[in-house]
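Take a look at the letters that make up each chain.
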Amino acid sequence: MALAELGHQVIGLDIDRTRVDRLNRGDSPVYEDDLPEMLNRNLDAGRLRFTTNYAEAVPGREIVFLCTGTPSLSDGEADLRQVRAAAASIGANLEPGTSVVIVNKSTMPVGTAELVAGIVAEHAPSGARFAVVSNPEFLREGRVLHDILHPDRIVLGGDAEARATVAALYEPLGAPILQTDHRSAELIKYAANAFLATKISFINDIARLCERLGADVTVVAAGIGADERIGPRFLHAGIGFGGSCFPKDVGALSRMAEGAGLHPGLLRSVLEINREAQRRFVTKADELLGGLDGKHIGVWGLSFKEGTDDLRDSPAVAVVEMLVERGAIVRAHDPAALVNAAARLPGIDLCQDPYAAAEGADAIALCTPWPEYATVDFAQVRRVMRGDLVLDGRNMLDPALLENAGLRYVGIGRGTSAVSDPIPQTLSVQ
Ligand SMILES: NC(=O)c1ccc[n+]([C@@H]2O[C@H](COP(=O)([O-])OP(=O)(O)OC[C@H]3O[C@@H](n4cnc5c(N)ncnc54)[C@H](O)[C@@H]3O)[C@@H](O)[C@H]2O)c1
């Protein structure tokens, strides 16, 4: 879509007929600010259309982007079945006498460029020429259009001539272009996501320490983030990271390290601390409410982060499931993800606004940092609740505001909120 916006003729292919039909109607299948406008603008201008037919999508193209999913297998390794199938279909639809650049856009384990080239070659007619370029994507869900049009950098791996073709395509964006070999390009994507996930798990580990030692992790994060070598981003303690990328990419990198004969101790800890952040949040609710069985909990936020309706690997969903497992009765609100939630969490009472989710609740559990939760009328929330506890799983609410409204605020890693992990007798905190 962004390429169409830059003036190119683009045809998008997906094997999912429903998705393709919706896109051709100008109906975006994902929630993302400004996406419907850009989709319709480019459909109307005749620069963009969608198909399920490879024979329509591949012949006559100079550049083909391969951007299928690369989900996790049960052991964490990347599942390349979609990539293999797409590579075979692209190969089978190349034309003799033409030259095409195939761009690996998906997040693909090191060595996948060679794999894709081999599969395409196996299915291509003789006389069809092609080259593969590794060009991982760094966009963030919730900021997709901004990130595609204003990337921090573009990474291209492969042979120089093919890289030059792709570099020319991106030139109008004015972003720095890092040109390298396939394997380095592929690894850059995994290393970038693993580093960001590590920052989150690091601050969550510090948050745990803050609870034991009586410090406030929001202040500690501000203090360390002010150091320009560290930076303030990805230092928000909470119930951890989720989504379709961080957990799967850290898992896949960990498997790559194991496959290379290494012990991925740090990466495994990053994932374990993340899972623990969600368990600890539920345990905190359990302890503060004197048990969860039969308790009414209002959950605010279900998507894995704000700005998206994506529930894949959402920490909020994990929290809801754990609450229910421990006998709690959950009513949940999300500004964008209710349709997806109806399918993903069939037994949960889904509410159209945060007040309805708070109705009769013993506690509110804020799980996704949608900005609108910071500005709800907390006096109204207090009136409709049965209890007074607000568990802020994202440290985004103002404790004073809540306390003024008669609510009991408990965040993550905010010293005095410690109820789990009592200070061991042997530890001095003087
Ligand atoms: N979602 C993100 O924010 C994000 C960011 C950066 C990188 N990535 C990477 O981009 C890739 C795609 O991610 P996603 O979130 O869009 O995945 P997704 O699962 O939402 O979408 C993948 C699409 O590929 C289609 N597909 C499957 N097999 C196909 C085939 N043989 N031919 C054509 N289409 C086929 C599916 O129908 C689906 O619509 C992944 O590798 C992911 O890691 C995603």
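All values derive from a computational prediction rather than experimental measurement.

1. Some words on the overall build of the protein
Within the protein, the secondary structure is distributed over 17 helices and 13 strands. Taking 2.2 N^0.38 as the reference for a compact globule, 430 residues should give roughly 22 Å; the C-alpha atoms of the protein span a radius of gyration of 24 Å, in line with that estimate. Dimensions of the protein, computed from C-alpha atoms along their principal axes, come out at roughly 75 × 50 × 35 Å. Of the contacts formed within the protein by residues at least 6 apart in sequence, a portion of 71% connects residues at least 24 apart. Accessible surface, the protein: about 19,900 Å² in total, of which carbon and sulfur atoms supply 53%. The positive charge centre, built from 42 side chains, and the negative charge centre, built from 57, are 2 Å apart in the protein.

2. Observations regarding the pairing of strand 4 (residues 99-104)
Successive side chains on a regular strand alternate, one facing one side of the sheet and the next facing the other. The buried fraction of strand 4 amounts to five of the six residues, a majority that puts the element mostly inside the structure. Where strand 3 (residues 63-66) meets strand 4, four bridges bridge the pair, whose relative direction is parallel. Bridging across to strand 4, Val64 finds its partner in Ile102.

3. Overview of the packing of aromatic side chains
Enumeration over the complete set of coordinates arrives at five aromatic pairs. Residues Tyr31 and Trp370 carry aromatic rings whose centres are separated by 6.3 Å and whose planes lie at 70° to one another, so their mutual orientation is edge-to-face. Within this pair, whereas Tyr31 is found in the loop between helix 2 (17-24) and helix 3 (35-44), its partner Trp370 is found in the loop between strand 11 (363-366) and helix 16 (378-384), the two being separated by 339 residues in sequence. In this structure Trp370 comes out as buried when scored by relative accessible area, which is 4%. Here the aromatic rings of Trp300 and Tyr373 are separated by 5.2 Å at their centres, their planes lie at 20°, and the arrangement is stacked. Of this pair, Trp300 sits in strand 8 (residues 296-300) while Tyr373 sits in the loop between strand 11 and helix 16, and the two are 73 residues apart along the sequence. On the basis of relative accessibility, which here comes to 1%, the residue Trp300 falls in the buried class. Each residue in the set Phe234, Phe241 and Phe246 is aromatic and connected to the rest through ring pairs, giving one cluster. We note Arg153 situated over the ring of Phe138; from NZ or CZ to the ring centre the distance is 3.6 Å.

Parameters and conventions
- Residues numbered from 1 in each chain as written.
- Predicted model: local features only at pLDDT ≥ 70, side-chain atom pairs only at ≥ 80, totals over all residues.
- Heavy atoms only, no water.
- Helix = DSSP H or I, 4+ residues; strand = E, 2+ residues; numbered from the N terminus.
- Rg over C-alpha atoms; globule rule 2.2 N^0.38 Å.
- Contact = heavy atoms within 4.5 Å.
- Areas by Shrake-Rupley, 256 points an atom, 1.4 Å probe, with all protein chains shown as cover.
- Lys, Arg positive; Asp, Glu negative; His and termini not counted.
- Charge placed at Lys NZ, Arg CZ, Asp CG, Glu CD.
- Buried < 20%, exposed > 50% of the residue type's maximum accessible area, 1.4 Å probe, protein only.
- Pairing = 2+ DSSP bridges.
- Phe/Tyr/Trp six-rings, centres within 6.5 Å; stacked < 30°, edge-to-face > 60°.
- Lys NZ or Arg CZ within 6 Å of the ring centre and 35° of its normal.

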